[in-house]
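What follows is the residue order along each chain.
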Amino acid sequence: MELTHSDIKAAVERVAGRVRPIALAPADDGQLCFALEFLQHTGSFKARGALNFLLTHRENGTLPDAGVTIASGGNAGLACAWAARSQGVRATVFLPATAPKVKVDRLHSYGAEVTLIGTQYADALAASREFAARTGALLSHAYDNPLIAAGAGTLMEEIHQQLPDLDTVVVAVGGGGLFAGVATAAQHYGVRTIAVEPTRCRALNASIEAGELVDVDIDSIAADSLGARRATELALFAAQNYNVTSVLVDDADIVAARRAIWEDRRLAVEYGAATALAALRGGANPPAFRPEPGEKVCVVVCGANTDPADLAT
């Protein structure tokens, strides 16, 4: 598989007018801003990749009558179901039984057929593959597909249009679809990418250390959206060849960052989205990433499919 900037530009044209443009919010210091991608359709960046994936297959005549199927911790399934509904096709989504109820309820609201199976993403993935083989449904993936990553990369294209002098973009990493798309576009514009993962959910970081893709154990509060056991080839290629810095943050700092963005801005985001912010603010630990004086930084706040009840306590 390969992902190029041309792929991302093609995705920009394909999804134009169908996704919500990125909203940027400056921080108080003037050097930092937040990319509020949780305002996107379905509450996360995943809508971009899902739509690019389905529109490309429709253009190519490869969208089957059986529709599309996907395994997801929640957000990718929501995006797939939303995109499928927009194209008038059936979506069958497989999730771990540990998926947050708020995501399951929203899946049903998009008209998806939902099956909860196993306790981890790998269980749902195996079930979706079996379903695709049995029914002929188009098998999508939460992150490991160039069309999905290219769609996610459209986010960085929009950030660059508004912030042409941006130095650094900070993004959370799960399997690496968002990261690969953002890093590919960022590299084209000379922007550094900070890849942030939970310490106990570090598929990309571990692969960078090993010099090859490796499996990792998953045990993080952000695992429902960042809990990939293995990163993608696209993500590892970007990390090894582009201007990328990989950092890790502890769960305590993720919790603190999520609460801080609620207290400071009344934004209720999911733990996966707070992971990127945790790299800059720290908490129980020093910040994992400290910008240089004058460095212009944008943090991607990527999703808000969460239950905000615990933020008010």
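Residues numbered from 1 in each chain as written. Predicted model: local features only at pLDDT ≥ 70, side-chain atom pairs only at ≥ 80, totals over all residues. Heavy atoms only, no water.

The name given to the protein in an unreviewed UniProt entry is Threonine/serine dehydratase, with Nocardia colli as the source organism. Annotation of the protein in UniProt includes, under Cofactor (unreviewed entry), the sentence "pyridoxal 5'-phosphate". (UniProt positions renumbered as here; feature names shortened; annotations may be inferred.)

Draft legend 1. A look at the pattern of salt bridges. Per the stated rule, a full pass over the model turns up 14 salt bridges. Of the charged contacts, one joins Asp251 and Arg200 as a salt bridge, the two residues approaching to 3.3 Å between their closest N and O atoms. Linking Asp251 in helix α11 (residues 251-265) with Arg200 in the loop between β8 (192-198) and α8 (203-210), this pair joins segments that are 51 residues apart in sequence. Take Arg200: its relative accessible area is 43%, and that puts it in the partly exposed class. Between Arg229 and Asp217 there is a salt bridge whose closest N-O contact spans 3.9 Å. Placement of Arg229 in the loop between α9 (223-226) and α10 (233-241) and of Asp217 in the loop between α8 and α9 is noted, with a sequence separation of 12 residues between them. Judged by relative accessible area, Asp217 falls into the exposed class, the value being 65%. Each of Glu37, Arg48 and Glu158 takes part in one network of salt bridges that share partners. (Salt bridge = Lys/Arg side-chain N within 4 Å of Asp/Glu carboxyl O. Helix = DSSP H or I, 4+ residues; strand = E, 2+ residues; numbered from the N terminus. Buried < 20%, exposed > 50% of the residue type's maximum accessible area, 1.4 Å probe, protein only.)

Draft legend 2. Expanded view of the side chain of Lys46. Within the secondary structure, Lys46 is located in helix α2 (residues 46-60). Buried Lys46, no salt bridge; nearest opposite-charge side chain is Glu270, N-O distance 9.0 Å. (Lys, Arg positive; Asp, Glu negative; His and termini not counted.)

Draft legend 3. Geometry of the packing of aromatic side chains. One pass over the full model with this rule turns up two aromatic pairs. Consider the rings of Phe237 and Tyr242, whose centres lie 5.9 Å apart with planes at 90 degrees: the pair is edge-to-face. (Phe/Tyr/Trp six-rings, centres within 6.5 Å; stacked < 30°, edge-to-face > 60°.)

Draft legend 4. Main features of the packing of α2 against helix α6 (residues 146-162). Two elements in contact, α2 and α6, have axes whose closest approach is 7 Å; the angle formed by their N-to-C orientations is 125 degrees. Judged by the inter-axis angle, α2 sits oblique to α6. For the element pair α2 and α6, the recorded crossing hand is right-handed. Side by side, α2 and α6 meet where Arg48, Gly49, Ala50, Asn52, Phe53, Thr56 and His57 of the first sit next to Leu147, Ile148, Ala150, Gly151, Ala152, Thr154, Leu155 and Glu158 of the second. Along the lines of polarity and charge, the residues of the contact of α2 with α6 split into seven nonpolar, six polar and two charged. (Axes fitted to C-alpha atoms, helices over the stretch in contact; angles between N-to-C directions. Parallel < 35°, antiparallel > 145°, perpendicular 65-115°, else oblique. Left-handed = near helix turned anticlockwise from the far one by under 90°. Contact = heavy atoms within 4.5 Å. Nonpolar A, V, L, I, M, F, W, Y, C, P; charged D, E, K, R; others polar.)

Draft legend 5. A look at the sheet that holds strand β4 (residues 91-95). Across the sheet, which stays open at both edges, the four strands sit in the order β5-β4-β3-β6 with parallel pairing between neighbours. The sheet is open, and its two edges are formed by β5 (113-116) and β6 (138-139), each paired on a single side. Bridge count between β4 and β5: four bridges; the pairing is parallel. By the bridge assignment for β5, Val93 is matched with Val114. Against the sheet, helix α5 (residues 121-135) engages β3 (68-71), β4 and β6, with an angle of about 160 degrees to β3. (Pairing = 2+ DSSP bridges.)

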